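One letter stands for each residue in the lines below.
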Amino acid sequence: MSNTKNIFAGLKGDKAIWAIVALLALFSFLPVYSAASNLAYIKGDGNTIRFLIKHGMHLILGFAILYGVHKIPYHYFRGLSVIFLPLVLLLLIVTLAQGTVMAGANAARWIRIPFMGVGFQTSTLAAVVLMVYVARYLSKIKDKQVTFKETLVPLWLPVGAVLALILPANFSTTAIMFSMVIALVFLGGYPLKYLGVIIATGIVALLFFVLLAKAFPGVFPNRVDTWISRVENFTSSEVDTDADYQIEKAKIAIASGGVFGQGPGKSVQKNFLPQSSSDFIYAIIVEEFGLFGAFFLMIMYLLLLFRVVIVAHKSETIFGKLLVIGVGMPIVFQALINMAVAVELFPVTGQTLPLVSSGGTSIWMTCLAIGIVLSVSAKREVQNNKNENELNPLDILSETL
């Protein structure tokens, strides 16, 4: 009993966020285990328990990351973002050049971690590091008059480099990251007249890439065609059974769920949806738990957004406010996109449901981002106990950068 009390005593920061994350993680075991029957059938061994154990191990490691990160004073992330950004760029280059196919997914999204035999999607780490970096820069120029030229190299060059390296393999992640960066710089007080230039430049760069990929199809095989076909299928009034296979099965699952659902583990469409445990897990949840399950998840993510805004509002520094918004907002945004895809309000994107879908990288990076949010929240609890005269090397580095 005393050990349990010590563990909970070590949990700092917003307790509501801890509760929401824990509830989502516990709830995820039900749909992941249910959808594992499809994965077990594909593997040919019929063993569903190992997928449940694997998901549990991912969550345990994710919560270890969350716990460790939330113990780090958040001002350290200023310097760490500058250190990690070049590493992220290097990882993205390696991923683009030597990407690994993971369960049939696009080859240039994953790299395999040596000696561990597990895949890692580098774009998810890049998203967190980039948002921290942008928050750091915006806090430095807050209340200063800056010209567009002054911000090109320290702000937009790193943003453009990261997005350019992710775009060839993952358009949806690139679009989400670009949208989140634009939202963050807007909230950070970046001049609106310059934002218009950046948005226009982004659109032109995307069109240029599409034309380049069309002119040299061997360089980026199938990616642009896949994007175009998904958008065309979404906007077209005609149903293409082959192209819309996943979304049609998802809609059948949702329609079958009704108000109360079919019951845990009783989904039928999980046997037909290729990504039933990841991209389309929301459809399986609605089929098994009905509207109650659907609204439960929506409420959880909206509550998370509400608490993120509260933490940002209470932060006493500009960097803390921007940091919380920068890493917290994309989690909820990604969740809403995943749900919108399942109900055909959005084209298929391949985005997972944070903390609920299976997949190690998504869980780990979501926990990393939430740990950063909790670090900012925990700062208020320990601020009076901090001795400002005792600076270690990380303190000096963070203040310098």
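Everything below is about the structure shown above.
Described in the following lines is the structure provided in the data block. Counting restarts for each chain, with residues numbered from 1 along the sequence as it is written. Totals for whole chains, interfaces and linings use every residue, but because this is a predicted model, local features are given only for residues with pLDDT of at least 70 and side-chain atom pairs only at 80 or more, for both listing and counting. Hydrogens and water molecules were not included; the side-chain quantities draw on all heavy atoms of the structure.

**A word on the packing of helix 7 (residues 171-187) against helix 8 (residues 192-215)**
No. 1: Close contact between helix 7 and helix 8 brings their axes to 11 Å; oriented N to C, the two are set at 170 degrees. Put simply, helix 7 runs roughly antiparallel to helix 8. Contacts from Phe171, Phe178, Ile182, Val185 and Phe186 of helix 7 reach helix 8 at Leu192, Leu195, Ile198, Ile199, Gly202 and Leu206.
No. 2: Class assignment of the residues belonging to the contact of helix 7 with helix 8 gives a composition of ten nonpolar, one polar and no charged. In this analysis, axes come from line fits to C-alpha atoms, helices being fitted only over the stretch in contact, and the angle between any two N-to-C directions falls in the range 0 to 180 degrees. Secondary structure follows DSSP: runs of H or I at least 4 residues long count as helices, runs of E at least 2 residues long count as strands, and numbering of each begins at the N terminus. Here is the rule for angles: anything less than 35 degrees is roughly parallel, anything more than 145 is roughly antiparallel, 65 through 115 is roughly perpendicular, and the remaining ranges are oblique. We call two residues contacting when some pair of their heavy atoms lies within 4.5 Å. Ten residue types, Ala, Val, Leu, Ile, Met, Phe, Trp, Tyr, Cys and Pro, are classed as nonpolar, four, Asp, Glu, Lys and Arg, as charged, and the remainder, Gly among them, as polar.

**A few points about unusual backbone geometry**
No. 1: Its identity is not glycine, yet Asp143 carries a phi of approximately 65 degrees, on the positive side.
No. 2: Checked against the element boundaries, Asp143 lands in the loop between helix 5 (122-141) and helix 6 (148-166).
No. 3: Despite not being glycine, Leu355 has its phi angle at roughly 70 degrees, a positive value.
No. 4: Relative to the assigned elements, Leu355 resides in the loop between helix 12 (318-342) and helix 13 (360-382).

**So, helix 5**
No. 1: If you check helix 5, its first and last C-alpha atoms are 29 Å apart, about what 20 residues at 1.5 Å a residue would give, namely 28 Å.
No. 2: In terms of burial, helix 5 is largely enclosed, as 17 of its 20 residues are buried.
No. 3: Asp143 lies just past helix 5 and shows a positive phi near 65 degrees. For a helix, the expected span equals 1.5 Å multiplied by the number of residues minus one. When a residue's accessible area, from a 1.4 Å probe over protein chains only, is under 20% of the maximum for its type it is buried; when over 50% it is exposed; and in between it is partly exposed.

**Details of the side chain of Ser357**
No. 1: Looking at the secondary structure, you find Ser357 in the loop between helix 12 and helix 13.
No. 2: Assessed through its relative accessible area of 1%, Ser357 is described here as buried.
No. 3: From its side chain, Ser357 meets the backbone oxygen of Ser278 in a polar contact 2.7 Å long.
No. 4: Any pair of nitrogen or oxygen atoms within 3.5 Å is treated as a polar contact; in protein, a donor-acceptor pairing is required on top of that, and neighbouring residues in sequence qualify only through side-chain atoms on both sides. At a separation of 2.8 Å, a polar atom in the side chain of Ser357 contacts the main-chain amide nitrogen of Leu353.
No. 5: Setting aside anything within four residues of it in sequence, one finds Ser357 in contact with Val32, His55, Ser277, Ser278, Ile281, Thr352 and Ile363.

**So, the packing of helix 5 against helix 6**
No. 1: As a packed pair, helix 5 and helix 6 sit with axes 11 Å apart at the nearest point and diverge in direction by 170 degrees. Accordingly, the angle class assigned to the pair helix 5 and helix 6 is roughly antiparallel. Here Ser123, Ala126, Leu130, Tyr133, Val134 and Tyr137 of helix 5 lie close against helix 6, whose contacting residues are Glu150, Thr151, Pro154, Leu155, Pro158, Val159, Val162 and Ile166.
No. 2: In terms of residue class, the contact of helix 5 with helix 6 is built from eleven nonpolar, two polar and one charged.

**Regarding the environment of Gly293**
No. 1: Its location among the elements puts Gly293 in helix 11 (residues 281-314).
No. 2: Among the residues examined, Gly293 registers a relative accessible area of 6% and is labelled buried.
No. 3: Separated by 34 residues in the primary sequence, Gly293 and Val259 have C-alpha atoms spaced 9.0 Å apart.

**Thoughts on the nonpolar core**
No. 1: As used here, the term nonpolar core means buried Ala, Val, Leu, Ile, Met, Phe, Trp, Tyr and Cys residues forming a set that is joined through side-chain atoms within 4.5 Å. If you look at the biggest cluster of nonpolar residues, it comprises 98 residues, and the most contacted ones within it are Leu297 and Leu353.
No. 2: If you tally residues by element for this core, the top one is helix 11, at 15 residues.
No. 3: Here Leu297 is in contact with Leu24, Phe27, Tyr282, Ile285, Met339, Leu353 and Val356, once residues within four sequence places are set aside.

**A word on the side chain of Asp14**
No. 1: With respect to the helices, strands and loops of the structure, Asp14 is situated in the loop between helix 1 (2-9) and helix 2 (15-43).
No. 2: Within the structure, Asp14 has its side chain in polar contact with the backbone nitrogen of Ile17 (distance 3.0 Å).
No. 3: Engagement of the side chain of Asp14 in a polar contact is seen with the side chain of Arg307, the distance being 2.6 Å.

**Focus: the environment of Val197**
No. 1: Checked against the element boundaries, Val197 lands in helix 8.
No. 2: For the pair Val197 and Phe148, spaced 49 residues apart in sequence, the C-alpha separation works out to 9.3 Å.

**Overview of the packing of aromatic side chains**
The relative placement of two aromatic rings is captured by the distance of their centres and the angle of their planes.
No. 1: Pairing of aromatic rings covers Phe, Tyr and Trp, the last counted by its six-membered ring, and requires centre-to-centre distances within 6.5 Å; plane angles under 30 degrees mean stacked, over 60 mean edge-to-face, and any other angle means tilted. Within the structure shown, the criterion is met by seven aromatic pairs.
No. 2: When the ring of Phe148 is compared with that of Tyr194, the centres are 5.6 Å apart and the planes differ by 45 degrees; the resulting orientation is tilted. Within this pair, whereas Phe148 is found in helix 6, its partner Tyr194 is found in helix 8, the two being separated by 46 residues in sequence.
No. 3: With a relative accessible area of 15%, Tyr194 lands in the buried category.
No. 4: Here Phe260 and Phe292 contribute two aromatic rings whose centre-to-centre distance is 5.5 Å and whose plane-to-plane angle is 25 degrees, an arrangement assigned as stacked. Of this pair, Phe260 sits in the loop between helix 10 (245-257) and helix 11 while Phe292 sits in helix 11, and the two are 32 residues apart along the sequence. Neither Phe260 nor Phe292 differs from the other in exposure class; each is exposed.
No. 5: Following the ring pairs from residue to residue traces out a cluster consisting of Phe148, Trp156, Tyr190 and Tyr194.
No. 6: Positioned over the ring face of Phe319 is Arg78, at 5.0 Å from the centre of the ring.
No. 7: Over the ring of Phe272 we find Lys249; its NZ or CZ atom is 4.9 Å from the centre of that ring. Here, over-ring charges are defined by two tests on the NZ atom of lysine or the CZ atom of arginine: distance to the ring centre within 6 Å, and angle to the ring normal within 35 degrees.

**Points about the pattern of salt bridges**
Any two side chains of opposite charge can pair if their charged atoms end up close together.
No. 1: Whenever a carboxyl oxygen of Asp or Glu lies within 4 Å of a side-chain nitrogen of Lys or Arg, that contact is scored as a salt bridge. Summed over the entire model, instances satisfying the criterion amount to three salt bridges.
No. 2: Measuring nitrogen to oxygen at the nearest pair gives 3.3 Å for the salt bridge that ties Lys251 to Glu248. Of this pair, Lys251 and Glu248 both sit in helix 10, three residues apart, roughly one helical turn.
No. 3: Classification of Glu248 as partly exposed rests on a relative accessible area of 24%.
No. 4: Of the charged contacts in the structure, one is a salt bridge between Glu344 and Lys251, with a shortest N-O distance of 2.7 Å. A residue pair is termed long-range when its members are at least 10 positions apart, and Glu344 in the loop between helix 12 and helix 13 and Lys251 in helix 10 qualify at 93 residues.
No. 5: For Lys251, a relative accessible area of 30% translates into the label partly exposed.
No. 6: Three or more residues are tied together by salt bridges with common partners; here these are Glu248, Lys251 and Glu344.

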